[in-house]
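This is what each chain is made of:
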Amino acid sequence: MAMNKPAIEGGTPARETKIYYGHQYIDDADIQAVVEVLKSDNLTCGPKIRELEDRLCEVTGAKYAVVCSNGTAALHMAAMAAGIKEGDEVITTPITFAASANCVLYCGGRPVFADIDPETYNIDPEKIEAAVTEKTKAVVVVDYTGQSVDLDRVCEICRKHGLVLIEDGAHVIGTTYQGRANGSISDMTTFSFHPVKTVTGGEGGAVLTNDETLYQKLLLYRSHGITRDPGQMEREPEGSWYYEQVALGFNYRMTDMQAALLISQLNKLPLFQKRRKEIVARYNEAFGRLPGLFVQKEIPASDTTRHLYILRIVPEKLTIDRKQFFEALAAENVCCNVHYIPTYYFPYYEKIGYRKGLCPNAEKLYEEILSLPLYYAMTDEDVESVIEAVTKIAVYYQK
Ligand SMILES: *Cc1c(COP(=O)(O)O)cnc(C)c1O
């Protein structure tokens, strides 16, 4: 096996064609669902929106769902509904997409980064508690890769300090925590339906909550802060045309084409869950045996449908670093990605006062990871070719 040279050293690539870290799966039922909307009267604000919201409540057990244009809009609305304003601090993780912290900045608040657990890679609840000050208003946790954060502990900390808990669940649809679906546990959970996520609407997002007051606010923020409900109005309706703007909202609506696609995609969620779990189990089995690799630790409380598969190298046991590993995989036609650059590394965050060194575990993780292909439509041969490529490189460059 050690004689099998990686492609970068002149060997034959493990695959003939390139494979990428994520790809949507669209079938005829999905296409038909969108076509039906296109032939109907309502391209937006139609019946598919409520149907999708009901469906998300069914899937997660949450009482209310508000679907919107994308996961970032969902986070922005959740941050607004949480009442985040200038001077407020919100604790979050740096190992996430920038939107998890940007939503705090949109509201004039200040993100405070708490470090991750070095083995599960999720935000460390004890680091959350250590970061609480009298200015702290909320916490934005991220179920990184789809594994639930330790919500029991996080909820306890939030209750103790009177903080609103927003769960950025962009990766988590399909996962359960202690037998309850993520989406029904935090004060608000947001989803993203970008094409690389487990189910897609092209673009799309949602906020889930069990709290009626938050739900009413979210509905307002989605559509300009405008209401047609006389119960919410400040003045007497002047006629049946009358509506009022009672808050400053946005146009964060989702179209009915997207909603129809998502309803159809949710029909396949059990299939997506099963296949993603199979692939993860196969990867874990193969990579757990290689000394140069570390397999992400799973917490028993989370029955995880993984959105991302993170390959982590152990630099002390290899002669190459992550960048070289990444390039060697690309030469094998396995095209990876890196999730994520710690948010506060970005020039924008530097300009507003953040510096490297805040979260050592997150910074170390960033140096050692790459995201392998993981999606429903991968064939067994695809999976085995990825394993072959990773194994070849890990063995060849072993110290
Ligand atoms: C994808 C993603 C988002 C943003 O979702 P969009 O729908 O692309 O706006 C936010 N947070 C995390 C962790 C994500 O992965």
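Refer to the structure presented above.
The paragraphs below set out a description of the structure included in this document. (Residues numbered from 1 in each chain as written. Predicted model: local features only at pLDDT ≥ 70, side-chain atom pairs only at ≥ 80, totals over all residues. Heavy atoms only, no water.)

## Quick word on the site of the ligand
Link 1 in the chain: If you check the shell around the ligand, you find 16 residues, and the closest are Gly71, Thr72, Asp168, Ser192 and Lys197.
Link 2 in the chain: The contact in question runs from a nitrogen atom of the ligand to an N or O atom on the side chain of Asp168, over 2.7 Å.
Link 3 in the chain: Ser192 places a side-chain nitrogen or oxygen 2.7 Å from an oxygen atom of the ligand.
Link 4 in the chain: Coverage of the ligand by the protein chains reaches 92% of its 380 Å² of free accessible surface.
Link 5 in the chain: Of all elements in the fold, only α3 (71-81) and α4 (99-106) reach the threshold of two or more residues within the shell around the ligand.
Link 6 in the chain: Residue contributions to the shell around the ligand peak at 3 residues, all from α3.
Link 7 in the chain: Counted by class, the shell around the ligand contains 6 nonpolar, 8 polar and 2 charged residues. (Near = heavy atom within 4 Å. Polar contact = N/O pair within 3.5 Å; in protein donor to acceptor, adjacent residues only side chain to side chain. Areas by Shrake-Rupley, 256 points an atom, 1.4 Å probe, with all protein chains shown as cover. Helix = DSSP H or I, 4+ residues; strand = E, 2+ residues; numbered from the N terminus. Nonpolar A, V, L, I, M, F, W, Y, C, P; charged D, E, K, R; others polar.)

## Some words on the side chain of His339
Link 1 in the chain: If you trace the backbone, His339 turns up in the loop between α10 (322-331) and α11 (347-351).
Link 2 in the chain: The buried category is assigned to His339, whose relative accessible area is 8%.
Link 3 in the chain: Polar contacts involving the side chain of His339 include one to the side chain of Ser371, which spans 2.6 Å.
Link 4 in the chain: Excluding residues that lie within four positions of it along the chain, His339 makes contacts with Tyr21, Tyr144, Leu308, Ile310, Ile369 and Ser371. (Buried < 20%, exposed > 50% of the residue type's maximum accessible area, 1.4 Å probe, protein only. Contact = heavy atoms within 4.5 Å.)

## What about the packing of aromatic side chains?
Link 1 in the chain: In the structure shown here, the tally under the stated rule is 19 aromatic pairs.
Link 2 in the chain: Plain terms: the ring middles of Tyr25 and Tyr376 are 4.7 Å apart, the flat faces sit at 65° to each other, and that makes the pair edge-to-face. Residue Tyr25 is located in the segment before α1 (28-38), and its partner Tyr376 is located in the loop between β15 (369-372) and α13 (380-396); the two are separated by 351 residues in the primary sequence.
Link 3 in the chain: What makes Tyr25 partly exposed here is its relative accessible area of 29%.
Link 4 in the chain: Using a relative accessible area of 22% as the deciding quantity, one classes Tyr376 as partly exposed.
Link 5 in the chain: Consider the rings of Tyr348 and Tyr349, whose centres lie 6.0 Å apart with planes at 80°: the pair is edge-to-face.
Link 6 in the chain: Through successive ring pairs, a cluster of aromatic residues spans Phe113, Tyr344, Tyr345, Tyr348, Tyr349, Tyr354 and Tyr366.
Link 7 in the chain: Seen from the ring of Phe294, Arg312 lies directly overhead, with NZ or CZ sitting 5.9 Å from the centre.
Link 8 in the chain: Its guanidinium or amino end placed over the ring of Tyr366, Arg322 lies 4.9 Å from that ring's centre, counting from NZ or CZ. (Phe/Tyr/Trp six-rings, centres within 6.5 Å; stacked < 30°, edge-to-face > 60°. Lys NZ or Arg CZ within 6 Å of the ring centre and 35° of its normal.)

## As for the nonpolar core
Link 1 in the chain: By size, the foremost hydrophobic cluster in this structure holds 33 residues, and its most contacted members are Tyr283, Phe287, Leu293, Phe325, Leu329, Leu372 and Val390.
Link 2 in the chain: Breaking this core down by element, the ones donating at least two residues are α9 (269-287), β14 (309-313), α10, β15 and α13.
Link 3 in the chain: If one sorts the elements of this core by residue count, α13 sits on top with 8 residues.
Link 4 in the chain: With residues up to four places along the chain from it excluded, the contact list for Phe287 reads Leu293, Val295, Tyr309, Leu311, Leu372, Ile387 and Val390. (Core = buried A, V, L, I, M, F, W, Y, C linked by side-chain atoms within 4.5 Å.)

## Description of the sheet that holds strand β1 (residues 64-68)
Link 1 in the chain: What the 7 strands build is an open sheet, ordered β1-β9-β8-β5-β4-β2-β3; its pairing is mixed. The sheet is open, and its two edges are formed by β1 and β3 (110-113), each paired on a single side. Geometrically, the sheet is characterised by an average inter-axis angle of 20° between neighbouring strands, direction not taken into account.
Link 2 in the chain: Of the strands in this sheet, β4 (136-142) and β5 (164-168) are in contact with helix α6 (residues 151-161), which crosses β5 at around 150°. (Pairing = 2+ DSSP bridges. Axes fitted to C-alpha atoms, helices over the stretch in contact; angles between N-to-C directions.)

## Brief notes about the pairing of strand β9 (residues 205-209)
A regular strand places its side chains so that they alternate between the two faces of the sheet.
Link 1 in the chain: Burial analysis of β9 places 5 of its 5 residues in the buried class, which makes it a mostly covered element.
Link 2 in the chain: With burial as the criterion, each face of β9 is covered, one bearing Gly205, Val207 and Thr209 and the other bearing Ala206 and Leu208.
Link 3 in the chain: Here 5 bridges tie β1 to β9, and the two strands are oriented antiparallel to one another. The residue of β9 that forms the bridge with Val67 is Ala206.
Link 4 in the chain: As paired elements, strand β8 (residues 188-192) and β9 share 5 bridges and run antiparallel to each other. Along β9, the bridge assignment pairs Thr190 with Val207.

## Details of α4
Link 1 in the chain: Among the residues of α4, those classed as buried are Ala99, Ser100, Ala101, Cys103 and Val104.
Link 2 in the chain: Where α4 is buried, its residues meet α3, β2 (89-92), β3, β4, β5 and α11.
Link 3 in the chain: Positive phi appears at Gly108, one or two residues downstream of α4, with a value of about 90°.

## What to know about the packing of helix α8 (residues 256-267) against α9
Link 1 in the chain: As a packed pair, α8 and α9 sit with axes 4 Å apart at the nearest point and diverge in direction by 55°. The angle between the axes of α8 and α9 places the two elements in the oblique class. For the pair formed by α8 and α9, the contact residues are Gln265, Leu266 and Asn267 on the first element and Leu269, Pro270 and Phe272 on the second.
Link 2 in the chain: Across the contact of α8 with α9, the residue classes break down as 4 nonpolar, 2 polar and no charged. (Parallel < 35°, antiparallel > 145°, perpendicular 65-115°, else oblique.)

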